[in-house]
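# Structural description and commentary
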Amino acid sequence: MRLRGRVLMALYYTAAPERGRIWKSMIANALPDLEVRLAPEIGDPADIRFLAAWTLPPGLIETLPNLEVLFSLGAGVDQLDLSQVPDHVTIVRLIEPNLADGMAEYVAMMVLALHRDLYAYADRQRQRLWQPLPQVPARDRRVGVAGLGEMGRAALAALRPFGFALSGWSRSPRDLPGVTCFHGPDGLRDFAAQTDILVNLLPLTPETRRILGAELFGRMPRDAAIVSAGRGGHLDAPALVAALDSGQLSRAILDVTPVEPLPTDDPLWTHPRIVVTPHVAAATDIDGSGKAVIANLRRHLAGEPMVGIVERDRGY
Ligand code: NAP
Ligand code: GLV
């Protein structure tokens, strides 16, 4: 938007074109002094104060001398190379209710499927085996959620009505009603030892990379299962296959994989006790994410703190 021939400020959007077009019209209505430019039409790079991206096109950021805020188009920011981002640029991740709702649905669906042996019955159906398994009451099923942020808390809220024995693990101490909370590296050992179904909703950082590995699996009760919807970099895939093949783990549900899309010849596709979904646990809603970014732009322009600011030293 030009007023008196001058661009007041511009947001440069580099991700899916369809969402870009919708955001452009939402932002034009909400913030008429902000011009949205859709990649590759950058115009004068000096106009760009805000950048919205899923990943960072190499070399882009150094051409934007007046950049103030980088908006991640996801809840996570590990897909952005933060070392490219100058210190004065604020990095903001996406927090919006549809994302948490989607994750709550996915986790409830997968935990119930594991709890009620859905995949075991699907195997038996293929063998025409009419063979009931013992039914475990929810109060005796210990479900542990690693990561007690926006996603983890939404998942726990969805699981609570079923009566599972719930626990959670975070970096700093947390207190959640009805949830046994553990924290820090020492807490992980105790958390793992009492978890029958582990749901991974951690962000990917140097501390959490390959956390789903032999050491953690070995601490879990024999026959435990995992659901991973954090990031593929959390998983040590050969360690998972070894734990499944030895019977230490019974089943794994993976929404995120070390390489995405998962290559067609990857053994994770065909392992009989692995279920793969293609990074769909919680999709970004175009309208909800547009509203969340507009609300943050308004806060920033009013000199107020934005919601979802990433702490770079923590990496999330
Ligand atoms: P968040 O609000 O930042 O919460 C992160 C949680 O992880 C916090 O509880 C944090 O502990 C904990 N944590 C971080 N590092 C840790 C460590 N080293 N040890 C123990 N706990 C640690 O993040 P979120 O919005 O819930 O999102 C989590 C992740 O979900 C995202 O980063 C993304 O990778 C993934 N995600 C996936 C999908 C999908 O479709 N599959 C969709 C959305 C998000 P504190 O509470 O102490 O800070
Ligand atoms: C999806 O994985 C996200 O980080 O929002």
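Residues numbered from 1 in each chain as written. Chains lettered and ligands numbered in written order. Predicted model: local features only at pLDDT ≥ 70, side-chain atom pairs only at ≥ 80, totals over all residues. Heavy atoms only, no water.

A rise of 1.5 Å per residue sets the reference length of helix 8 (residues 286-301), with its 16 residues, at 22 Å; its end C-alpha atoms lie 22 Å apart and thus fit the reference within 8%. Residues of helix 8 that are buried include every one of Gly288, Ser289, Gly290, Ala292, Val293, Ile294, Asn296 and Leu297, and no others. For helix 8, the capping residue at the N-terminal end is Asp285, with a side-chain oxygen 3.4 Å from the backbone nitrogen of Asp287. Positive backbone phi, at 75 degrees, marks Gly303, one or two positions downstream of helix 8. (Helix = DSSP H or I, 4+ residues; strand = E, 2+ residues; numbered from the N terminus. Expected span 1.5 Å × (residues − 1). Buried < 20%, exposed > 50% of the residue type's maximum accessible area, 1.4 Å probe, protein only. Polar contact = N/O pair within 3.5 Å; in protein donor to acceptor, adjacent residues only side chain to side chain.)

Ordered by their spatial adjacency, seven strands build an open sheet running 10-9-8-11-12-13-14, and the pairing between neighbours is parallel. If you trace the sheet from one side to the other, it starts and ends with strand 10 (179-183) and strand 14 (274-276), each paired once. The sheet shows a mean angle of 15 degrees between the axes of neighbouring strands, taken without regard to direction. In this structure, strand 9 (residues 165-170) lies alongside strand 10, joined through five bridges in parallel fashion. Bridge assignment links Ser167 to a residue of strand 10, and that residue is Thr180. On the sheet, helix 4 (residues 150-159) packs against strand 8 (142-146), strand 9 and strand 10 and is oriented at approximately 160 degrees with respect to strand 8. (Pairing = 2+ DSSP bridges. Axes fitted to C-alpha atoms, helices over the stretch in contact; angles between N-to-C directions. Contact = heavy atoms within 4.5 Å.)

Residues in a regular strand project their side chains so that they alternate between the two faces of the sheet. Taking burial as the measure, the five residues of strand 12 (residues 224-228) include five buried ones, the bulk of the element. When strand 11 (residues 197-200) meets strand 12, the two strands line up parallel, connected through four bridges. The residue bridging Ile197 from the neighbouring strand is Ala225, located in strand 12. Handedness of the β-α-β unit built from strand 12, helix 7 (residues 237-246) and strand 13 (residues 249-254) comes out right-handed. (Right-handed = clockwise from strand over helix to strand, strands pointing away.)

Before going further, it helps to examine the site of ligand 2. Around ligand 2, the neighbouring residues are Gly74, Ala75, Gly76, Arg231 and His279. Between an oxygen atom of ligand 2 and a main-chain N or O atom of Gly76, the distance comes to 2.9 Å. Here an oxygen atom of ligand 2 and a side-chain polar atom of Arg231 are 2.7 Å apart. Isolated, ligand 2 exposes 200 Å² of accessible area, and the fraction of that covered by the protein chains is 85%. Counted by class, the shell around ligand 2 contains one nonpolar, three polar and one charged residues. (Near = heavy atom within 4 Å. Areas by Shrake-Rupley, 256 points an atom, 1.4 Å probe, with all protein chains shown as cover. Nonpolar A, V, L, I, M, F, W, Y, C, P; charged D, E, K, R; others polar.)

Attention now moves to the side chain of Gln79. In this structure, Gln79 sits in the loop between strand 6 (69-72) and strand 7 (90-92). Owing to a relative accessible area of 17%, Gln79 belongs among the buried residues under this scheme. At 3.5 Å, the side chain of Gln79 forms a polar contact with the side chain of Ser72. Leave out the neighbours within four places in its chain, and Gln79 touches Trp54, Thr55, Ser72 and Arg231.

In this section: the pattern of salt bridges. Taken as a whole and assessed by the stated rule, the structure comprises 14 salt bridges. Here Asp186 ties to Arg189 by a salt bridge, and the two come within 2.5 Å at their closest N and O atoms. Here Arg189 and Asp186 lie together in helix 5 (residues 184-193), a separation of three residues that amounts to about one turn. For Asp186, a relative accessible area of 54% puts it in the exposed group. For Asp236, the salt bridge is made with Arg210, and the minimal N-O distance between the two is 3.4 Å. (Salt bridge = Lys/Arg side-chain N within 4 Å of Asp/Glu carboxyl O.)

Burial of the side chains of strand 11 extends over both faces: Ile197 and Val199 are buried on one face and Leu198 and Asn200 on the other. One ladder, built from four bridges, connects strand 8 with strand 11; its direction is parallel. Its bridge partner lying in strand 11, Gly144 is registered against Leu198. For the segment spanning strand 11, helix 6 (residues 214-219) and strand 12, crossover handedness is right-handed.

Take unusual backbone geometry next. At the junction of Ala39 and Pro40, the peptide bond is cis and its omega measures out at 10 degrees in the coordinates. For Pro40, the position within the fold is in the loop between strand 4 (34-38) and strand 5 (48-53). Residue Pro261 is bonded to the preceding Glu260 through a cis peptide linkage, with omega at -10 degrees. Along the chain, Pro261 turns up in the loop between strand 13 and strand 14. Phi at Asp117 takes a positive value of approximately 60 degrees, unusual for a residue other than glycine. Within the secondary structure layout, Asp117 lies in the loop between helix 2 (97-115) and helix 3 (118-126).

Those residues of helix 7 not exposed but buried are Ala237, Ala239, Leu240, Ala243 and Leu244. Looking down the long axis of helix 7, one finds its buried residues gathered within 160 degrees of arc, a one-sided arrangement. Every exposed residue of helix 7 that faces more than 90 degrees away from the buried side is listed here: Pro238 and Asp245. The inward-facing, buried residues of helix 7 contact helix 6, strand 12, strand 13 and strand 14. Trailing helix 7 by a residue or two, Gly247 shows a phi angle of about 85 degrees, which is positive. (Arc of directions from axis to C-beta.)

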